[in-house]
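# Descriptive structure summary
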Amino acid sequence: MARPEIKEISFEIDGREVRAPEGAMLVEAAKSGDVEIPYFCFEPKLGEPVGACRMCLVEIEGIPKLQTSCSTPVKDGMVVNTTSDRVKSAQNAIVEFLLINHPLDCPVCDKGGECPLQDISYGWGGGKSRFIEPKRHFRKPLELSPLVAIDRERCILCYRCVRFSQEVAEDYQLVFLERGDHTYVGTHDGRPYVGPFSGNIIELCPVGALTSTAYRFRARPWDVEEAGSICTFCPSQCNVQLTIRDDSKVLRAGARDNHEVDDGWLCDKGRFGYQSIHSEERLRAPMVREGGALIEVSWDRALDEAAAALTEAGAATAALAGGATTNEEAFLLQHLMRNALGSPHLDARAGGALDAGQARVLARPDLSARVSDIDHADVILVVDTELVEEAPILDLRVRKAARRNGAKVVTLTSRPGSLDPNAAVSVRFAPGAAEAALSALAAELGSERATGPRLHSRAGAEPGAIGAAAELLRDAGDVVVLWGEGISDGTRGAGAVDALLAVTRALGIAGRQESGLIEVPGATNARGMRETGVAPGLAPGLTDAAEAGMTAAQMAAALGEGELSALILLHADPLATHPERPRWEAALDGVSTVIAFTEFVGGALAENATVIFPAESYAEKEGTLTHPDGRLQRVRQAIGHQGRVRPEWSVLAELAERCGAGLDVLSAPQVSEKLFVAVGFYNGLTLEEIGGKGVRWQDRDAASRLPAAELPEGSLEVAPELSEGMRLGTTASLWSGPTVEHAPSLRFLAPAQRAELAPSDARRLGVTSGDEVEVAAGGESLRATVALRQAMQPGSVFLVAGTAENNPTVLTNGVPRAVEITKAGSTENGAGPSAGASTATGPGAQTPPT
Amino acid sequence: MSELKNLTANYDEPNLHTMEVYERLGGYRSARKAVLDMPQEEVLSQLEASGLRGRGGAGFSMAKKAGFMPEGTMEKYLCCNADESEPGAFKDRVLMQRNPHQLIEGCIIGAIAAGATRAFIFIRGEYETQAKILDAAVIEAYEKGYLGVGIFGSQTVLELVVHRGQGAYICGEESALLDGLEGNRGNPRLKPPFPANQGLYQGPTLINNVETLCNAPAIIEHGPEWFAAMGVDKSTGTKMVSVSGNVQRPGNFEVELGIPVREIIYGLAGGPPEGRDLKCFFPGGSSAPVLTKEHLDLPFTYEAMAEAGSMLGTASIIVVDDSQPIVPLALNLAGFYRHESCGKCVPCREGTVWTVRMLERIDEGDATPMDLEIMAEVQTNIIGNCLCVLGDSMAMPIGSMIKHFRQEFEEHIEAARAARDREHIPAFSAGELAAAVEAGPA
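Each chain carries its own residue numbering, running from 1 in the written order of its sequence. All chains are assigned letters beginning at A, and all ligands numbers beginning at 1, according to the order in which they are written. Where local features are concerned, this predicted model is filtered to residues with pLDDT of at least 70; where side-chain atom pairs are given and counted, the filter is 80 or more; whole-chain, interface and lining totals use all residues.

## Side note on the overall build of chain B
What counts as a helix is a DSSP run of H or I of at least four residues, what counts as a strand is a run of E of at least two, and both are numbered from the N terminus. Regarding its fold elements, chain B presents 17 helices and 11 strands. Residue burial is a threshold on neighbouring C-beta atoms within 10 Å of the residue's own C-beta, all placed from the backbone, with 20 or more meaning buried, 12 or fewer meaning exposed, and counts in between meaning partly exposed. Counting all 442 residues of chain B, 53% fall into the buried class. Throughout, a pair of residues is in contact if the C-beta atoms placed from their backbones lie within 7 Å. Within chain B, contacts between residues at least 6 apart in sequence are counted, and of these 72% link residues at least 24 apart.

Here is the structure:
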């Protein structure tokens, strides 16, 4: 379905003729005439209006009763009055009713000073109270969750939080309990309200009923300033507003509504992760290794030592970039590597490099969708990504499209996902068999490229399911494909992307304005790093690099063998994120120079780094990011640098200078300027143009400077047959990684390792939910707790990626891998107590799926 | 004048609730005729010509409401509102208990008029006996092929489900009823959209009261002119009236609309007990503003009651005699609505509890005449500002009581204050006084 065309109509409000979009609710249309109608419960992002608060009553000519303007669509020629005596007395009455049971504790309420109830009471209330009876009482405050405190006495029952839970996050946890004036917001059985988006209800609350436990009593609105920036914790790159005190401390993060990016929502990691900025454990000064130990040193010394080591290593230097590396930092890194050190070996992807041709095709404007296209898609195809963990805000976007606009969702994933219940068709395939699954889908869609035999069985998928998915997709109008970067990893990655492109071609996406692909990458700025040239074969602007470099996996081998002697880690930790951990461990042990940019010094770095530069938090950074849909956005500095932290762009520039290739840049915007020149399709961009809402480069004329790339033709390579045994897959967790570990409020969410199994496999293995198991392959193993998943495909086992302990990188190696699963603690001769237990584990002992 | 029995004509017949007896007395002929021989438009036009108005309270033309149902092939629904919870109303109870097949037949005709293929009877949870009787009757109707697929041998489908409510007055509000039926918390929905457009499961839905539907078979049987000939003006047909309160013969009576109120209260129900006089009465259930003696000679019609500042509502007349003080009556009434307010919208949720608190203070002697002004104003502030009519249902009768009995309220305030003041002067005990007298002046 195409974006709806908006027709303008004119109507009269308070004696003024005003033009507004047809069908807009009066309360919003009034704004076109600079008329403010007060309201509490109205919030279009939450779906249909509920008309509960009655604050927005207005008089409409021809209708005898006052009407709620939040639920009355404006019509041509309507005559509305918002200031008549009748309306005023109704507004007075509602404010009076609202306040009779509302505690007047504004001086000690966190919301005081930024409270809609306060503002509306002043603006539209009668200014006096006639209620002299005792007010309603509840126990207060209580924990609604570890992140949110609830004060039920302040609650005006506006429905916002409940609607958010029911209709936006769809976690269905918040409900109203009791009735009448005893009504209160709560959860079933009083359980904690835990979900990835729970913090949004704090912002939605128009009174001080829901407050952030992290922000509670930290500041009053007049103590703080707000600073707009971009959250860099995941590829969603949500626009945020940071609450700053004394130019030095981030006290709070909130959403900064950008319809094209986040739709005004923020996940809990984005909302509470700011705590890690002020963690005691954060690195605040440069360090070098001396006598085996890391010591804090001056910047000069750290830079000297790093530059000397790099100069010595020269072309034998490798670099990994990751996470929230900005475009500017990425650009400087590739400049340092290629131009100062003469090394082409740099990579920003953990799982393997993208073929240069494929990278260019995937960047084509006609093949890429914008985030808001999801809203209007007829079918949304989700390919092997769990959005709620990898780019949570896109998960909400898909839910919205399905719920509000009737979009059909097709999930094509190896692991059962949280969008399956919303999906019209769910296709499950074996971990690592995305190539075969996509080839099979391409074949069903009539692609001549997919000719391989038995593609369904190579994918381990039900032929009927792929057929049903194709059926839906074939006749669909606009299709948005959200695909997980993971499919392009490993030895068959290029084949999987090729199959994806075959599907793309079969769907005719190139010819459709609002159809397209969006990659869901592993790293926040994966797209920006690729486009600015942090890739083994790609120079800035997705042009071919003069000299092809090594991929991350090749670097690990070369470092181990002494072929490379220095390694730069720019926000990257290969032990946590890169496959083949044993090989990386060996590589780090063997290499003479490891120069790291990091906020926190953990495991590998503590032992192997020779120079560590303290990384900036995103609140200290200045630069740009490129959203997975091609939108360049500005990260703005909100607070002063903590401790002796310096801007990383300046550190990289300084290193380049000391290594003999100075760029002559004195400020972050100067780096941006150079970057916009270097990347062809960014040409002409300015920071002003990017502004607060970002710019998609595909929408600018310079987009034509993207090197030409055709959708590939010719037969797809035939995907390999499935391997035998329990096939290992990994699933990302929003809550793994240093941000969560160093944010006290979020720490309770950090995942422990779990092995997700189908009930039938668990039965066969003699394990059940909650059992400790050992998962092993190739002589390496880790411990995990069994979690049963009813919808898991038998033969698959999924581990959580990026966990602090038992990280599955010890087992992954870039190819579909079979693992052995044994109950932990079982003795080798099989006569131990657990062996006895396993014989007793029949179908009846199975715990229900979670 | 006396009763005019149409709905209740066969109530003396033993086992009227069984299919056998109901059919023997001519039952299901109308439904058969409507299903087999009458196009939907004809059923609608006959209902329209009869002038039958909704018996559940609002008094909206049944045919007009059914006519709002959009055309099209989407699933449409008929919901029978049997959540009779209005204090003073007990007419639907007897209609379902005595003659359940009449309602089922009415549902069939209503479904034809609405083009509905699924029907639900949402019955008040406390009506356990009646629900069981209905259940048994529905089973009989299914066995006979009067419900289900291909009813009366036609192509018409009608599934009927009896759904028990969970005990909330608000579920008698039509949109809350739909929410309850869907398995949600029974809260009223914002209108528009009206149920005829987007009702149950977002489909077009016709919602009718039990008594309204029970009238349909006779209209189809005897023709609309027969029905329209009864009653006066736009209040046609007969009406079940439940009379309760201070009368000698409380109960249900079926009367022709237009009968003088005095005839019902004094003639049929025997008037207040010996030696007492009528103080006021609710003509249409507890949510109707009270009327007084001067209104006794008005004809009992929708129009006359509205003109007198009240409403015919469910035609549940609650009689209050002069032995009843007005303040406890108001408190009882307000307490009911406070308890039943769903809490969704602000004026109802907060206004009902505020009113109760003020009435409690008045009764406890802790109020001044100024509180009466505030209370009257609170009622005004509730009326017309709520999401549904529950708030108005308290505010209108309370407002009418203040209007008609202001002086009694004021006297009550003063008397209760005086009584409390007396109570609150701590008195010396007889022993203390005696001892003091004994001791003499110091």
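Once you've had a look at it, read on.
## With respect to the overall build of chain A
When helices and strands are tallied, chain A shows 27 helices and 36 strands. For chain A, whose C-alpha radius of gyration is 28 Å, the value lies close to the compact-globule estimate of 29 Å for 850 residues. Overall, chain A is about 85 × 65 × 55 Å in size when its C-alpha atoms are taken along their principal axes. Buried residues in chain A amount to 59% of all 850 residues. By sequence separation, contacts in chain A at least 24 residues apart represent 73% of the contacts at least 6 residues apart. Values of the radius of gyration come from C-alpha atoms, whereas the globule rule sets the reference at 2.2 Å times the count of residues to the power 0.38.

## Some thoughts on the packing of helix α6 (residues 100-114) of chain B against helix α9 (residues 210-222) of chain B
Angle between the axes and distance between the axes are the two parameters that describe a pair of packed helices. All names here are of chain B. Whenever a helix is involved, its axis is fitted only over the stretch in contact; in every case the axis is a line through C-alpha atoms, and angles between N-to-C directions fall within 0 to 180 degrees. Packing of α6 against α9 brings their axes to within 7 Å, and their N-to-C directions diverge by 80 degrees. It follows from the interaxial angle that α6 and α9 lie roughly perpendicular. Two secondary-structure elements touch here, α6 through Gln 102, Leu 103, Glu 105, Gly 106, Cys 107, Ile 109 and Gly 110 and α9 through Val 210, Leu 213, Cys 214, Ala 216, Pro 217 and Ile 220. Side-chain classes are defined by residue name, with Ala, Val, Leu, Ile, Met, Phe, Trp, Tyr, Cys and Pro counting as nonpolar, Asp, Glu, Lys and Arg as charged, and the others, Gly among them, as polar. The residue makeup of the contact of α6 with α9, split by class, is 9 nonpolar, 3 polar and 1 charged. For this classification, under 35 degrees means roughly parallel, over 145 means roughly antiparallel, 65 to 115 means roughly perpendicular, and everything else is oblique.

## What to know about the sheet that holds strand β18 (residues 379-383) of chain A
All names here are of chain A. The strand order β20-β19-β18-β21-β22 describes an open sheet built from 5 strands, whose pairing is parallel. Strand pairing shows two members of the sheet lacking a second neighbour, β20 (425-428) and β22 (516-520), which therefore form its edges. Geometrically, the sheet is characterised by an average inter-axis angle of 15 degrees between neighbouring strands, direction not taken into account. Two strands are said to pair when DSSP picks up at least two bridges between them. As judged from the 5 bridges shared by strand β21 (residues 479-484) and β22, these two strands associate in the parallel manner. Residue pairing for β22: Gly 484 is matched across the bridge by Val 520.

## Regarding the pairing of strand β27 (residues 611-614) of chain A
All names here are of chain A. Where burial is concerned, the two faces of β27 agree: the one with Val 611 and Phe 613 and the one with Ile 612 and Pro 614 are both buried. As defined by bridge partners, strand β14 (residues 287-290) adjoins β27 across 2 bridges and the pair is classed as antiparallel. By the bridge assignment for β27, Val 288 is matched with Val 611. Relative to β27, strand β26 (residues 593-598) is paired through 4 bridges, and the arrangement is parallel. Residue pairing for β27: Ala 596 is matched across the bridge by Ile 612. Call a crossover right-handed when, viewed with both strands pointing away from you, the route from the first strand across the helix to the second goes clockwise. Handedness of the crossover is the feature at issue here: the chain leaves β26, passes through helix α21 (residues 603-608), returns alongside β27, and the resulting connection is right-handed.

## Re the environment of Asn 101 of chain A
Following the sequence through the fold, Asn 101 of chain A ends up in the loop between α2 (85-100) and α3 (116-124). In the structure, Asn 101 of chain A is positioned 528 residues away from Asp 629 of chain A in sequence and 48 Å away in space, judged by C-alpha atoms. Setting aside its immediate chain neighbours within four residues, Asn 101 of chain A contacts Lys 135, Arg 136 and Asp 181 of chain A together with Glu 350 of chain B.

## Remarks on the pairing of strand β4 (residues 157-164) of chain B
Residues and elements named next belong to chain B. The pairing of strand β2 (residues 118-123) with β4 spans 6 bridges and is parallel. Considered in β4, the bridge of Ala 119 is made with Leu 160. Inspection of the sheet shows strand β3 (residues 148-149) paired to β4 by 2 bridges, in the antiparallel sense. Across the sheet, Val 149 pairs through a bridge with Val 157, a residue of β4.

## Here we look at the sheet that holds strand β5 (residues 205-209) of chain B
All names here are of chain B. Pairing in this open sheet of 5 strands is mixed, and the strands run β3-β4-β2-β1-β5 from one edge to the other. Each of the sheet's edge strands pairs with one partner strand only, and the pair in question is β3 and β5. Summarising the sheet, strand β1 (residues 77-82) and β2 pair through 6 bridges and their orientation is parallel. Residue pairing across strands places Tyr 77 opposite Arg 118, the latter belonging to β2. Helix-sheet contacts for helix α7 (residues 128-144) involve β2, β3 and β4, and the interaxial angle to β4 is about 165 degrees.

## Quick notes on the domain arrangement of chain B
Residues and elements named next belong to chain B. Delimitation of the domains relies on an automatic or database domain assignment. Along its sequence, chain B is carved into domain 1 (19-228), domain 2 (231-321) and domain 3 (326-424). Look at where the C-alpha atoms of domain 1 and domain 2 centre, and you get two points 26 Å apart. Class assignment of the residues belonging to the side of domain 1 that touches domain 2 gives a composition of 7 nonpolar, 7 polar and 5 charged.

## A closer look at the interface of chain A and chain B
With 26 residues of chain A at the interface, the matching set in chain B holds 22 residues. Per element, the largest residue contribution to the side of chain A that touches chain B is 6 residues, and it comes from α2 of chain A. Looking at the side of chain A that touches chain B, its residues break down into 15 nonpolar, 5 polar and 6 charged.

## Here's the deal with the domain arrangement of chain A
Residue and element names in this part refer to chain A. Under the domain assignment, chain A is made up of domain 1 (8-83), domain 2 (145-278), domain 3 (287-350 + 525-619 + 639-669), domain 4 (356-520) and domain 5 (726-845). Listed per partner, the contact involves 17 residues of domain 2 and 14 residues of domain 4. By residue class, the composition of the side of domain 2 that touches domain 4 is 10 nonpolar, 2 polar and 5 charged.

## Here's the deal with the packing of helix α2 (residues 29-36) of chain B against α9 of chain B
Residues and elements named next belong to chain B. One can describe the packing of α2 onto α9 by two numbers: an axis separation of 8 Å at closest approach and a directional angle of 70 degrees. In terms of their interaxial angle, α2 and α9 are classed as roughly perpendicular. Together, Arg 29, Ser 30, Ala 31, Lys 33 and Ala 34 of α2 and Pro 217, Ile 220 and Glu 221 of α9 make up the contact between the two elements. In the contact of α2 with α9, the residues fall into 4 nonpolar, 1 polar and 3 charged.

## Looking at helix α16 (residues 493-506) of chain A
Residues and elements named next belong to chain A. To estimate how far a helix should extend, the number of its residues minus one is multiplied by 1.5 Å. For α16, spanning 14 residues, the distance from its first C-alpha to its last is 20 Å, which sits close to the expected 20 Å at 1.5 Å a residue. Counting buried residues in α16 gives 12 out of 14 residues, a clear majority hidden from the surface. Among the residues of α16, those classed as buried are Gly 493, Gly 495, Ala 496, Val 497, Asp 498, Ala 499, Leu 500, Leu 501, Ala 502, Val 503, Thr 504 and Ala 506. Looking at the buried residues of α16, the elements they touch are α9 (356-363), β18, α13 (434-444), β21 and β22. With its phi angle positive at about 65 degrees, Gly 508 sits one or two positions after the end of α16.

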